[in-house]
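Single-letter residue listing:
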Amino acid sequence: MLLEKADHLSDTIFKYQKGKHVMATPSQLVLRSDQEFDAGKREDILDRWNGRTAELGVNVMYNADVKAIKGTGEAIAGSVQKIVSRARDGSTTTTELQRHAPPYAITLTNGETVMAQNVVLAIGTQGNPNLMRCPGGDLPHVTYQLDDPYAVIDQHIIVVGTGDAGIENARGLVEDPAQGNTVTILNRNPRSTNVRESFSTAKEPNAKALIEDDAAGRLTIRYEAETSAVEPGWVTLSTRDGEERIRCDRIIARIGSAPPRAFVEGCGIEFASADRLAFPTLSPQFESTAPGIFVIGALAGYPLIKHCMNQGYDVVEFINGNKDLKPADEPLLEAKF
Ligand SMILES: Cc1cc2nc3c(=O)[nH]c(=O)nc-3n(C[C@H](O)[C@H](O)[C@H](O)COP(=O)(O)OP(=O)(O)OC[C@H]3O[C@@H](n4cnc5c(N)ncnc54)[C@H](O)[C@@H]3O)c2cc1C
């Protein structure tokens, strides 16, 4: 059974900007999945996935927002998880959670409960975006998503963050000069002749295309710049040369996302460290510290669709008893080493 909190499948891809070219890297990695996936337009990929999911008769429950997963079997001897919560002032409180064996009771926000012997958590991290923390960061024109860049016209827009998401949003907003948008994208890193250094979280072709747009005057990249305050119509930037106030009708902050830690820890799943960006501790088969709960995809620390799809396939094979299955990238690594 597939539980999905939205009223459609694949919410992260659904929320990509209209017309986005979805990349299917690493290109040399074979895809193991009953769903096809290749580089292409967002809309075509969603159509194919929706069609194939229906064809395969996948049992999907929509609007099924999971809020808790608890073992209902016996208490597992010696399996107590310490959960450390950190308050804003830096103080910590530690609670202890006794793990229980499967079957798991999966509670939904609508009050329903679904029982399962095994659970594959593939919830990603997009539901928990990093937020703007500066004064005014909670104003309504500060947003974290851009559905349709072609519907935005005659605006002064600041995109915060030069990862792939920020770059794609910024470039989409200036693709058609007739839209008349003035776009500034903020990069915390200094300008460097090494693209990998100045755009450390973006794919190189994306970063290079952004630099070309900047050189052609289609948009402006501000290096070593951050927002220090937001007010209606204006943003104050903190730059190497001091503060600067510039016009801004809308901010699109693409500053990453983090695992929804409180929810995941509450399922009995331990994280590798106390770092906010840490991922769950997993076995080579993606099993978490809660027996029978597996974690795959972005929540397991893998940022590419192809990896996520392969992991989904592998985990289900493993649960079905295929213990000899080798990871899809093993032949590639074998050839390399
Ligand atoms: C803007 C952007 C562009 C990207 N471009 C590319 C690209 O071109 N190529 C590429 O390979 N990767 C790309 N990525 C990364 C890729 O989208 C993710 O790595 C991938 O989607 C992660 O897959 P996942 O299955 O782990 O999680 P997700 O795709 O995030 O799916 C999680 C699903 O779980 C649901 N969910 C969440 N919480 C709950 C809950 N509590 N109960 C029930 N359901 C829940 C969500 O609604 C969602 O449908 C991009 C990411 C972003 C943000």
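Residues numbered from 1 in each chain as written. Predicted model: local features only at pLDDT ≥ 70, side-chain atom pairs only at ≥ 80, totals over all residues. Heavy atoms only, no water.

Undergrad: In this structure, what is going on with the site of the ligand? I would like to understand it.
TA: Contacts to the ligand come from 25 residues, most closely from E4, T12, Y16, A298 and P303. Between the ligand and K20 there is a distance of 3.1 Å, counted from an oxygen atom to a side-chain nitrogen or oxygen. Elements supplying a minimum of two residues to the shell around the ligand: α1 (11-14) and α7 (305-319). Its residues assigned to classes, the shell around the ligand shows 15 nonpolar, four polar and six charged. (Near = heavy atom within 4 Å. Polar contact = N/O pair within 3.5 Å; in protein donor to acceptor, adjacent residues only side chain to side chain. Helix = DSSP H or I, 4+ residues; strand = E, 2+ residues; numbered from the N terminus. Nonpolar A, V, L, I, M, F, W, Y, C, P; charged D, E, K, R; others polar.)

Undergrad: Sorry, what's going on with the layout of surface pockets here?
TA: To find leftover empty space, one rolls a probe the size of a water molecule over the atoms. Estimated volume of the second largest pocket: approximately 680 Å³. Along the wall of the second largest pocket there are 24 residues; nearest its centre are V84, S85, R86, R261 and R276. Listed by contribution, the elements that provide at least two residues to the lining of the second largest pocket are β6 (75-86) and α6 (261-266). It is β6 that contributes the most residues to the lining of the second largest pocket, six residues altogether. Of the residues in the lining of the second largest pocket, the class split is 11 nonpolar, four polar and nine charged. (1 Å grid on protein atoms, 1.4 Å probe; cavity = no way out; pocket = protein on both sides within 12 Å on 5 of 7 lines; lining within 4 Å. Points joined across faces, edges and corners; volume = space filled by probe spheres on them.)

Undergrad: Quick question: what am I supposed to make of the sheet that holds strand β11 (residues 142-143) here?
TA: Paired through backbone hydrogen bonds, the strands of a sheet run either parallel or antiparallel to each other. A sheet is described by the order of its strands in space; here five strands give the open sequence β11-β18-β12-β13-β14, paired in parallel fashion. Looking at strand neighbours, the two that pair on one side only are β11 and β14 (220-223), the edges of this open sheet. Bridge count between strand β12 (residues 156-160) and strand β18 (residues 250-253): four bridges; the pairing is parallel. Each residue of the ladder has a partner; that of V159, found in β18, is I252. Where helix α3 (residues 164-173) meets the sheet, it contacts β12, β13 (182-187) and β18, and its direction lies at approximately 165° from that of β13. Against the sheet, helix α5 (residues 204-215) touches β13 and β14, its axis set at about 110° to β14. (Pairing = 2+ DSSP bridges. Contact = heavy atoms within 4.5 Å. Axes fitted to C-alpha atoms, helices over the stretch in contact; angles between N-to-C directions.)

Undergrad: Can you help me understand the domain arrangement of the protein chain in this one?
TA: When the parts of a complex come together, some accessible area is lost, and that lost area is often taken as the interface size. As assigned here, the protein chain comprises domain 1 (2-127 + 258-336) and domain 2 (142-253). Computed over C-alpha atoms only, the centres of domain 1 and domain 2 are separated by 31 Å. Taken together, the contact pairs eight residues of domain 1 with 11 residues of domain 2. Interface of domain 1 and domain 2: buried area, both sides summed, is about 770 Å²; carbon and sulfur atoms make up 47% of it. One salt bridge in this structure joins K20 and E168, with 2.8 Å as the shortest N-O distance. The tally of links between domain 1 and domain 2 comes to four residue pairs in polar contact (both at pLDDT 80 or more). Tallied by class, the residues present in the side of domain 1 that touches domain 2 amount to three nonpolar, two polar and three charged. (Domains from an automatic or database assignment. Buried area = accessible area lost by both parts, 1.4 Å probe. Salt bridge = Lys/Arg side-chain N within 4 Å of Asp/Glu carboxyl O.)

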